[in-house]
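Fold and contact review
One letter stands for each residue in the lines below.
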Amino acid sequence: MPELPEVETIARGLQGLVGETIRTVEVRWPRIIAEPSVEAFISLAQGRTFTAVSRRAKFLVFELDQGVMILHLRMTGQLCWRFDEQCMPDDKHMHLSLALDSGKALDYRDVRKFGRFWLVEDSAQVLGDLGPEPLDAGLDVAVFFDMLSTRKRMLKALLLDQHFIAGLGNIYVDESLWRASLNPARLGSSLTFAEADILLSAIRQVLLGAIAARGTTLQDYRDSEGRSGENQHRLVVYNQQGAPCPRCGTLIEKGLVAGRGTHYCPVCQPDA
């Protein structure tokens, strides 16, 4: 599933949409539309102009001159701003297409059909209960420590919880916890102020590095031009079970923590 760096990469690649007007909307798989009805989505979207493209957590946010279009890519969603035939618009997995006045198109492809679109008046209707963004300056270590101090949940579960902090998924949680030398089964409330500082810094370093590498492609993720990311070559623990830890040489292990497959170094990330 695309996480913060992948969605951020796509959003940055779609900045040229600003000023484009939607001429027609084609929906080939009705369940792709979460809200409103398919008929209302098409009616409300046609004739609207993109005024901004951004990311919130794992969601793409398209501000229109009237309303907001929101997309969650889920597991296999791919969004392509098409200049030619590179995204294969006749592909059976292409489920939605926005034809633009300029002659270009914005196409949505999804093999597993889990992605969803919303078209609402206010983005808070969909995104209002998400936690803080990990890269926001307002999330300083004091705030983060306070957030952790009352949470008697495992770090793995907490960092995956989009209501606690928004945008992280399995890949970047495992990478961040390794970088911070913290066991994924540690309780949030057990961290010292210094450990919270290290963890927040680790999360930011991991995310910024992944954004610079245009995201992680393990299988389905592509950017808005159909290109794979490069961050998979930088992963140190995720999907690296059996490989030596780059810090201590111990073999990376994979286990189940908080119900999720989790990669970690048993030496660098000892039990609390």
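The sections below set out a description of the structure shown in this document. Computed from a predicted model, the values in this text were never measured in an experiment.

A short note on the overall build of the chain
A tally of regular secondary structure across the chain gives seven helices and eleven strands. For 272 residues, the compact-globule estimate of 2.2 N^0.38 gives 19 Å, and the C-alpha radius of gyration of the chain, at 20 Å, lies within 12% of that figure. The principal-axis extents of the C-alpha atoms in the chain amount to approximately 55 × 35 × 30 Å. Burial analysis of the chain (272 residues in total) assigns 53% to the buried set.

Quick notes on the packing of aromatic side chains
Inspection of the entire model under this criterion finds six aromatic pairs. When the centroid spacing of 5.5 Å and the interplanar angle of 65 degrees are considered together, the rings of F145 and F193 count as edge-to-face. Of this pair, F145 sits in helix α4 (residues 141-149) while F193 sits in helix α7 (residues 193-212), and the two are 48 residues apart along the sequence. The partly exposed category is assigned to F145, whose relative accessible area is 24%.

Re the environment of G128
Mapped onto the elements of the fold, G128 is located in the loop between α3 (124-127) and α4. In this structure G128 comes out as exposed when scored by relative accessible area, which is 53%. C-alpha of G128 to C-alpha of H163: the two residues are 35 residues apart in sequence and 9.7 Å apart in space.

Quick notes on the pattern of salt bridges
Enumeration over the complete set of coordinates arrives at twelve salt bridges. Salt-bridge contacts for R28 lead to E26; the nearest nitrogen and oxygen are separated by 3.0 Å. On the basis of relative accessibility, which here comes to 35%, the residue R28 falls in the partly exposed class. Note on E26: relative accessible area 41%, which makes it partly exposed. A salt bridge links E133 to R56, with the nearest nitrogen and oxygen atoms 2.8 Å apart.

Each value, and the rule that gives it
- Residue positions within a chain follow its written sequence, with the count starting from 1.
- Note on the predicted model: pLDDT of at least 70 is required for a residue's local features to be given, and 80 or more for side-chain atom pairs to be given and counted; whole-chain, interface and lining totals, by contrast, use all residues.
- Processing note: side-chain calculations cover all non-hydrogen atoms of the structure and skip hydrogens and water entirely.
- Only runs of H or I of at least four residues qualify as helices and only runs of E of at least two qualify as strands under DSSP, and these elements are numbered from the N terminus.
- In this description the radius of gyration comes from C-alpha coordinates, and the expected globular size is given by 2.2 Å times residues to the power 0.38.
- For each residue, the accessible area found with a 1.4 Å probe, counting protein chains only, is set against the maximum for its type, and the residue is called buried under 20%, exposed over 50%, and partly exposed in between.
- Classification of ring pairs rests on two measures: the distance between centres of Phe, Tyr or Trp rings, Trp counted by its six-membered ring, which must be within 6.5 Å, and the angle between planes, read as stacked under 30 degrees, edge-to-face over 60 and tilted in between.
- One speaks of a salt bridge when a side-chain nitrogen belonging to Lys or Arg is within 4 Å of a carboxyl oxygen belonging to Asp or Glu.

Shape is all these values report; function is a separate question.
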